[in-house]
Amino acid sequence: MSIGLVKEVDPLVYRTIWWAFGHSSQQINVAAHISIWYAVAAIAFGAKPMSERVSRGAFLLYILFLQLASAHHLLADPGLSTNWKVVNTSYFMYFAVLASMIHGLTIPGAMEVAQRAKGFNKGLFEWLRKAPWGNPVFSGVFISIIGFGFLGGISGVMMGTEQLNMIIHNTIYVPGHFHATVVIGTTLSFMSLTYFLIPVLFRREMISPSLAKLQPYLFGLSMYFFCLVMMGAGTLGVSRRHWDMAFNGAALAYEWPGAAYLMMGLVGIAGIAAIVGGAIYIYVTVGSLLWGRKLDAGAPSAKFTPIPLTAPTVTAQTYGSAGFAAPGTFMLAMVFLVSFILYYFINWKYLSQLWGLS
Ligand SMILES: [Cu+2]
């Protein structure tokens, strides 16, 4: 524009290109954190993907369809047709959602198969109960998988539906959603992997194993709560990108229900708890790099990382039940499906009450 080649920029074209790059760049970290989940299944359990071909196919679906989800940023923009919005965000985007659900099924499924092969074969969930919950490499990733799927995934599909988007567009629900995908999904996964990398790559013993064990729980679970109350406040309509939700002193002030203020207060408290979790992470990791006992090449330390050995020596002859290799994971997937359907239809009901047609 300054050298006179372009006369004017159509804001809609600008926004479409902006989000085509802006949303797509988020997929780099999503692909990385999903890869970390696969890596940690192998590191903590010696697990292999249930079907490598299906997992590769899911990554291909990301490449083909995740970028189209960029359109969800434009759902409230005038000038784009409803058809264009719906085709992008409510048809093509679901192929990307399918990919995430495949990863979300096959990674815990691979963990279950590996655990069952080691003999943790009782009932639906012995494999999960006897998982190394004291190992931050595993606990962080598992908290990440559940939070990314249940909080980030379900809310993402709701938001991507053109009509339902009108309930929460540009409210504080939006940061509630993306803290579930990016902080619980990506940040927590990256944190978990560093607990493995510090002894293996940087050859240092962790300085404070008990703090390292606590950290994913404190950070992850406070972020669960943070996202839930933020999405709750957004459902009531609290706007984002404004320092004063009540617009005090404005000519058209708005009275929020008390619950909106309460939930925004809880966002602050949960945020402080998460910051403490983040500070512990920095202390443990940077501290281990600086002051952790040096591990000589090839010499394993008794304290290595807080990873207890989980594998019993006996290998089960058969495992699984009713024709399922991973029945516990299948059960978890059904819980996910029911939550998904309920939440989706509750929001349609809510929309119908906000916007009466008669
Ligand atoms: Cu986006």
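Along each chain, residues carry numbers from 1 onward, in the same order as the chain's sequence is written. This being a predicted model, a pLDDT of at least 70 is required before a residue's local features are given, and a value of 80 or more before pairs of side-chain atoms are given or counted; all residues contribute to the totals for chains, interfaces and linings.

A few points about the overall build of the chain
Okay, step 1: Numbering of helices and strands runs from the N terminus, with a helix taken as a DSSP run of H or I at least four residues long and a strand as a DSSP run of E at least two residues long. Helix and strand content of the chain: ten helices and zero strands.
Okay, step 2: Counting helices and strands in the order they occur from the N terminus, the chain gives α-α-α-α-α-α-α-α-α-α.
Okay, step 3: A compact globule built from 358 residues should have a C-alpha radius of gyration of about 21 Å, and the chain, at 23 Å, falls within 12% of that.
Okay, step 4: Between the buried cut of 20 or more and the exposed cut of 12 or fewer other C-beta atoms within 10 Å of a residue's own C-beta lies the partly exposed class, and all C-beta atoms are placed from the backbone. Within the span of the chain, comprising 358 residues, buried residues form 38% of the whole.
Okay, step 5: With C-beta atoms placed from the backbone, a contact is any residue pair whose C-beta atoms sit within 7 Å. Considering only contacts within the chain whose residues lie at least 6 apart along the sequence, 86% involve residues at least 24 apart. Only the C-alpha atoms count toward the radius of gyration. The rule for a globule is 2.2 Å times the residue count to the power 0.38.

Looking at the packing of helix H7 (residues 173–200) against helix H8 (residues 209–235)
Okay, step 1: To get an axis, a line is fitted to the C-alpha atoms, and for a helix only the part in contact is used. The angle between two axes follows their N-to-C directions and goes from 0 to 180 degrees. For the pair H7 and H8, the least separation of the axes is 8 Å and the interaxial angle reads 170 degrees. By the angle between their directions, the pair H7 and H8 is classed as roughly antiparallel. Angle categories are assigned with fixed cut-offs, so that under 35 degrees is roughly parallel, over 145 is roughly antiparallel, 65 to 115 is roughly perpendicular, and the rest are oblique.

A look at unusual backbone geometry
Okay, step 1: One non-glycine residue with positive phi stands out, namely Arg 203, at about 55 degrees.
Okay, step 2: In this structure, Phe 247 is a non-glycine residue whose phi angle is positive, near 50 degrees.
Okay, step 3: Considering the arrangement of structural elements, one finds Phe 247 in the loop between H8 and helix H9 (258–291).
Okay, step 4: With 12 C-beta atoms packed within 10 Å, Phe 247 lands in the exposed category.

Focus: helix H1 (residues 11–45)
Okay, step 1: To estimate how far a helix should extend, the number of its residues minus one is multiplied by 1.5 Å. The terminal C-alpha atoms of H1, which comprises 35 residues, lie 51 Å apart, in line with the 51 Å expected from a rise of 1.5 Å per residue.
Okay, step 2: The complete set of buried residues in H1 reads Val 30, His 33, Ile 34, Ile 36, Trp 37, Tyr 38, Val 40, Ala 41, Ala 44 and Phe 45.
Okay, step 3: Where H1 is buried, its residues contact helix H3 (82–117), helix H5 (136–160) and H7.
Okay, step 4: Positioned one or two residues after H1, Gly 46 has a phi angle of 65 degrees, which is positive.

Comments concerning the nonpolar core
Okay, step 1: Counting 65 residues, the largest nonpolar core has Trp 37, Val 40 and Ala 41 as its most contacted members.
Okay, step 2: Every element with two or more residues in this core is listed here: H1, H3, H5, helix H6 (162–168), H7, H8 and H9.
Okay, step 3: The element that contributes the greatest number of residues to this core is H5, accounting for twelve residues.
Okay, step 4: Aside from chain neighbours lying at most four places away, what touches Trp 37 is His 103, Ile 107, Val 141, Ile 145 and Ser 189.
Okay, step 5: Ala 58, Ala 69, Ala 71 and Ala 99 belong to the second largest nonpolar core, which has nine residues in total. What makes a nonpolar core is a set of buried Ala, Val, Leu, Ile, Met, Phe, Trp, Tyr and Cys residues, with links drawn between C-beta atoms within 7 Å.

Here we look at the environment of Phe 150
Okay, step 1: Residue position: Phe 150 is located in helix H5.
Okay, step 2: Residues Phe 150 and Ser 339, 189 residues apart in the sequence, show an inter-C-alpha distance of 8.0 Å.

Things to note about the environment of Asp 10
Okay, step 1: Along the polypeptide, Asp 10 turns up in the segment before H1.
Okay, step 2: Spatially, the C-alpha atoms of Asp 10 and Leu 218 are 46 Å apart, while their sequence positions differ by 208 residues.

Digging into H3
Okay, step 1: In this model, H3 (36 residues) spans 50 Å end to end at C-alpha, consistent with the 52 Å of a helix rising 1.5 Å per residue.
Okay, step 2: The angle between axes fitted to the seven residues ending at a residue and the seven residues starting there is what we call the bend at that residue. At Tyr 94, H3 is bent by approximately 40 degrees, the largest bend along its length.
Okay, step 3: Within two residues after H3, Gly 119 carries a phi angle of roughly 110 degrees, on the positive side.

A few points about the environment of Met 191
Okay, step 1: Mapped onto the elements of the fold, Met 191 is located in helix H7.
Okay, step 2: Here Met 191 falls in the buried class, since 26 other C-beta atoms lie within 10 Å of it.
Okay, step 3: Separated by 71 residues in sequence, Met 191 and Leu 262 place their C-alpha atoms 30 Å apart.

Focus on the packing of H1 against H3
Okay, step 1: Where H1 contacts H3, the axes come no closer than 10 Å and their chain directions differ by 5 degrees. Between H1 and H3, the interaxial angle falls into the category roughly parallel. From H1, Ile 34, Trp 37, Tyr 38, Ala 41 and Phe 45 reach across to H3, where they touch His 103, Ile 107, Ala 110, Met 111, Ala 114 and Gln 115.
Okay, step 2: Basically, the charged four are Asp, Glu, Lys and Arg, the nonpolar ten are Ala, Val, Leu, Ile, Met, Phe, Trp, Tyr, Cys and Pro, and anything else, Gly included, counts as polar. Tallied by class, the residues present in the contact of H1 with H3 amount to nine nonpolar, two polar and no charged.

Concerning the confidence of the model for the chain
Okay, step 1: For every residue, the predictor assigns a confidence score, pLDDT, that lies between 0 and 100. Chain-level statistics for the chain give a pLDDT mean of 89 and a share of 92% at 70 or above.
Okay, step 2: Between residues 304–314, whose pLDDT stays under 50, and residues either more than four places distant or in other chains, the model counts 24 contacts.

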